[in-house]
Each structure stands twice: as structure tokens, then as C-alpha cells.
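Below, each chain spelled out in residue letters.
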Amino acid sequence: PKYCDLPNGFTPCGWKAAQCILRLLIKAIPKNEDLASISILWQWIVCLKSSDPALIEDTNLEKAITIFSDISFALKKETKVYEQVVSLLLPTLVVLACTYTKTYFRQKSLDAITNTCMVDPETSIPVVLPILFPYLNDNNNDACRLGACIVMNKLFGV
């Protein structure tokens, strides 16, 4: 990754090590425990459960999206963590991918959505689609409609 793509204070080598550690932490959470069992991690990404992501401060949002898009690779099907992510965080990520003005946030949200949906499409897609459809039908906002089309294309190749 380029230095500009890294969270503040990380070198490429340091961020790669942090990614591995975070993914191992996610994989190590027992099936019946949720993300709150790793309180520091939950504190970093909890802002993504906001019903209005526009109210989240950009620095917190950047940290949360960067971390979540990286740990989304480690999610496991039929776990409490996955259920929590799908129900609490995925809706906000869809809104961000469709509406946010900053490309970095849209792309990282799209990465997180894609990774999360690949784990268990039968659980995640029914959460994504009802949020996505209003943006696909928004004839007054081309940017949001384009964002929704990009999400659809990434998930379904349409």
C-alpha cells in the first residue's frame, strides 16, 4: 500500500503486521461471543453502527472503515460476530458506499461489503438489498445511484 492509504502513524510493514494481528483476533473469537469481547477493536469500529454516518467525524470514520475492511477478510459464517457485523455495521457501510463524497470511504466501504457478503450471501444480501434499492431508484441524485450501481456490480457482476 501507498503511505497515503495507511492509517496515521503506520509504515507499510507495520500496517501489514497490524492487519495480521487483527485478523487473528477476529478468527480467535469463540463462535458464541461478539465483537465486544475485544473491547479495543469494538471501540474503533462501533461508530459504523450509526443510523446517520454523516454525523461520524471523518477521522473516526476513516479509522473504523480501514480497520473493518481489513478484518472483514477474517469473518466466519454462523458466528455471533458475523451476525453482529451484518445486522449492526453492514447497513451503515452500504449507505457510505452509496452516498459518501470521499472516494476513499466509498472504496473501503465497498471492500468491506464485498468481503462480508462473500462469507455468507444468504445472510448478508437480504440486509444489503433493501438499503440499496432506494439509492438505485433515486433519479434526483446521480452520485448515489452510481454508488449503488457500483455496489450491485461488485456483488452480483451486473
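Criteria and thresholds
- Residues numbered from 1 in each chain as written.
- Predicted model: local features only at pLDDT ≥ 70, side-chain atom pairs only at ≥ 80, totals over all residues.
- Heavy atoms only, no water.
- Phe/Tyr/Trp six-rings, centres within 6.5 Å; stacked < 30°, edge-to-face > 60°.
- Helix = DSSP H or I, 4+ residues; strand = E, 2+ residues; numbered from the N terminus.
- Expected span 1.5 Å × (residues − 1).
- Buried < 20%, exposed > 50% of the residue type's maximum accessible area, 1.4 Å probe, protein only.
- Contact = heavy atoms within 4.5 Å.
- 1 Å grid on protein atoms, 1.4 Å probe; cavity = no way out; pocket = protein on both sides within 12 Å on 5 of 7 lines; lining within 4 Å.
- Points joined across faces, edges and corners; volume = space filled by probe spheres on them.
- Nonpolar A, V, L, I, M, F, W, Y, C, P; charged D, E, K, R; others polar.
- Bend = angle between axes of the 7 residues up to and from the residue.
- Axes fitted to C-alpha atoms, helices over the stretch in contact; angles between N-to-C directions.
- Left-handed = near helix turned anticlockwise from the far one by under 90°.

*Asks:* What should I look at first to understand the packing of aromatic side chains in this one?
*Replies:* To describe a pair of aromatic rings, you give the distance between the ring centres and the angle between the ring planes. According to the stated counting rule, one finds 2 aromatic pairs in the structure shown. Here the aromatic rings of Y104 and F105 are separated by 5.9 Å at their centres, their planes lie at 65 degrees, and the arrangement is edge-to-face. Aromatic rings pair up to connect Y100, Y104 and F105 into one cluster.

*Asks:* Before we go on, may I ask you to explain helix 3 (residues 58-71) in this structure?
*Replies:* One turn of the α-helix equals 3.6 residues, which is why residues spaced by three or four share an orientation. The terminal C-alpha atoms of helix 3 lie 20 Å apart, and with 14 residues this matches the ideal 20 Å at 1.5 Å per residue to within 8%. By the burial criterion, the buried members of helix 3 are L61, A64, I65, T66, I67, F68, S69, D70 and I71. Looking at the buried positions of helix 3, the neighbouring elements they touch are helix 1 (12-28), helix 2 (39-45), helix 4 (80-99) and helix 5 (103-119).

*Asks:* When you look at empty space enclosed by the protein in this model, what are you seeing that I'm missing?
*Replies:* Unoccupied space between atoms shows up once a probe the size of one water molecule is rolled over them. Under the criterion given, the structure shown has 1 cavity of 30 Å³ or more. Its boundaries defined by the atoms lining it, the largest cavity holds a volume of some 40 Å³. Around the largest cavity, the lining residues are I26, I29, P30, L75, K76, T79 and V81. Grouping the constituent residues of the lining of the largest cavity by class yields 5 nonpolar, 1 polar and 1 charged.

*Asks:* I would appreciate a short explanation of the environment of A64 in the present structure.
*Replies:* If you trace the backbone, A64 turns up in helix 3. Judged by its relative accessible area of 0%, A64 falls in the buried class. Linking A64 and Q43, residues 21 residues apart in sequence, is a C-alpha distance of 9.0 Å. If we skip the residues at most four places from it in the chain, A64 touches W44, I45, C47 and L48.

*Asks:* Whenever I open this one, the environment of S69 confuses me. Can you help?
*Replies:* Position of S69 relative to the elements: it lies in helix 3. In this structure, S69 is in contact with K108, D111, A112 and N115, ignoring residues within four places of it in sequence.

*Asks:* When you look at helix 6 (residues 121-136) in this model, what are you seeing that I'm missing?
*Replies:* At L129, helix 6 shows its strongest bend, of approximately 30 degrees, with the proline P130 following within four residues. The elements touched by buried residues of helix 6 are helix 4, helix 5 and helix 7 (142-156).

*Asks:* So what exactly am I meant to see when it comes to the packing of helix 5 against helix 7 here?
*Replies:* Helix-helix packing: each pair is described by the crossing angle between the helix axes and the interaxial distance. Running from N to C, helix 5 and helix 7 cross one another at 35 degrees; their axes reach a closest spacing of 10 Å. Where helix 5 crosses over helix 7, the handedness of that crossing is right-handed. Of helix 7, the residues touching helix 5 (which contributes R106, L110, I113, T114 and C117) are A143, C144, G147, I150, V151, K154 and L155. Residues of the contact of helix 5 with helix 7, tallied by class, amount to 8 nonpolar, 2 polar and 2 charged.

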